[in-house]
Amino acid sequence: DTAVSQTPKYLVTQMGNDKSIKCEQNLGHDTMYWYKQDSKKFLKIMFSYNNKELIINETVPNRFSPKSPDKAHLNLHINSLELGDSAVYFCASSQERGLAPYNEQFFGPGTRLTVL
Amino acid sequence: KNEVEQSPQNLTAQEGEFITINCSYSVGISALHWLQQHPGGGIVSLFMLSSGKKKHGRLIATINIQEKHSSLHITASHPRDSAVYICAVTYTGNQFYFGTGTSLTVIP
């Protein structure tokens, strides 16, 4: 069984379009994340959701909006896509243990977004 | 903000060699993670450390909190170990802050 799944795996679209990437985890975790991996393979946190509440937003443009219908899903909506949005987007999840963030994170397979 | 630096950026080794990848960070952390990104792109968590040393098979991870430094060792390296190894830290929250990664190629 897949622990963290993302759809689609590949997404090719035109500049200016609006698109969504879906993420689901079946681990019962209460925290989910979106990361962006740029062309130089550098990973950076975008969002973190804990129990359906946004707990971090690392200065990501407001064209990006995470939506969490329940704690097993964290979808990423992107409006007015730009060339610079081309990257691989990874979803991840973890279980917070009280105040100690000693959490192992489980990653989805990634979604390669190409904006033309 | 915490900076995470890894070295080397690229590493080529012969099969069987002992490999060390280093990670340094600039401020106090709550945990350090080693991740492996396969050539196909998938990311797997290898270790999570807050002190001392952990071992899993041929992989060993150590951390020195005072020196703000961690190492990942691979003993008896094999071509299937070829991947990008990424160091990540967490401090006040659960989010990861990543190093730039070390691309390892093990040649048969």
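Residues numbered from 1 in each chain as written. Chains lettered and ligands numbered in written order. Predicted model: local features only at pLDDT ≥ 70, side-chain atom pairs only at ≥ 80, totals over all residues. Heavy atoms only, no water.

Undergrad: Would you take a moment to explain the overall build of chain A for this structure?
TA: On a plain count of helices and strands, chain A comes out with zero helices and eleven strands. The secondary structure elements of chain A, listed N-terminal to C-terminal, are β-β-β-β-β-β-β-β-β-β-β. Each of the three principal axes of chain A carries a C-alpha extent, and together these read 45 × 30 × 30 Å. Buried residues in chain A amount to 46% of all 116 residues. Within chain A, contacts between residues at least 6 apart in sequence are counted, and of these 55% link residues at least 24 apart. For chain A, the accessible surface area stands at approximately 5,900 Å², while carbon and sulfur atoms represent 50% of it. For chain A, the distance from the average position of its 13 positive side-chain charges to the average position of its 12 negative side-chain charges is 6 Å. (Helix = DSSP H or I, 4+ residues; strand = E, 2+ residues; numbered from the N terminus. Buried < 20%, exposed > 50% of the residue type's maximum accessible area, 1.4 Å probe, protein only. Contact = heavy atoms within 4.5 Å. Areas by Shrake-Rupley, 256 points an atom, 1.4 Å probe, with all protein chains shown as cover. Lys, Arg positive; Asp, Glu negative; His and termini not counted. Charge placed at Lys NZ, Arg CZ, Asp CG, Glu CD.)

Undergrad: Would you take a moment to explain the state of the cysteines for this structure?
TA: Two cysteines joined by a covalent bond between their sulfur atoms form a disulfide. Residues and elements named next belong to chain B. Using the criterion set out here, one finds two disulfides over all chains in the structure. Here Cys23 is linked by a disulfide to Cys87, with a sulfur-sulfur distance of 1.9 Å. Classification of the bridge connecting Cys23 and Cys87 rests on its S-S torsion, roughly -65°, and on that basis the disulfide is left-handed. Of this pair, Cys23 sits in strand β3 (residues 19-25) while Cys87 sits in strand β9 (residues 83-90), placing them 64 residues apart in sequence. You'll find Cys23 and Cys87 in the same group, each marked buried. (Disulfide = S-S within 2.5 Å.)

Undergrad: I keep staring at the packing of aromatic side chains and nothing clicks. Help me out?
TA: The geometry of two aromatic rings is summed up by the distance between their centres and the angle between their planes. Tallying each qualifying case throughout the model produces seven aromatic pairs over all chains. On the numbers, 6.3 Å between centres and 45° between planes, the contact of Phe107(A) with Phe96(B) is tilted. One end of the pair, Phe107(A), is in strand β10 (residues 106-107); the other, Phe96(B), is in the loop between β9 and β10 (97-98), on a second chain. For Phe107(A), a relative accessible area of 10% gives the class buried. Through a chain of ring-to-ring contacts, three or more aromatic side chains come together here, namely Tyr33(A), Tyr35(A), Phe107(A), Phe96(B) and Phe98(B). (Phe/Tyr/Trp six-rings, centres within 6.5 Å; stacked < 30°, edge-to-face > 60°.)

Undergrad: I'm lost on the interface of chain B and chain A in this one. Help?
TA: Quoted interface sizes are often the accessible area lost when the parts come together. Taken together, the contacts link 22 residues of chain B with 18 residues of chain A. Both sides together, the interface formed by chain B and chain A hides about 1,800 Å², and carbon and sulfur atoms give 60% of it. The tally of links from chain B across to chain A stands at zero salt bridges. At the boundary of chain B with chain A, the tally comes to two residue pairs in polar contact (both at pLDDT 80 or more). Of all elements in the fold, only β4 (31-37), β5 (43-49), β9 and β10 of chain B reach the threshold of two or more residues within the side of chain B that touches chain A. Across the side of chain B that touches chain A, the residue classes tally to nine nonpolar, twelve polar and one charged. (Buried area = accessible area lost by both parts, 1.4 Å probe. Salt bridge = Lys/Arg side-chain N within 4 Å of Asp/Glu carboxyl O. Polar contact = N/O pair within 3.5 Å; in protein donor to acceptor, adjacent residues only side chain to side chain. Nonpolar A, V, L, I, M, F, W, Y, C, P; charged D, E, K, R; others polar.)

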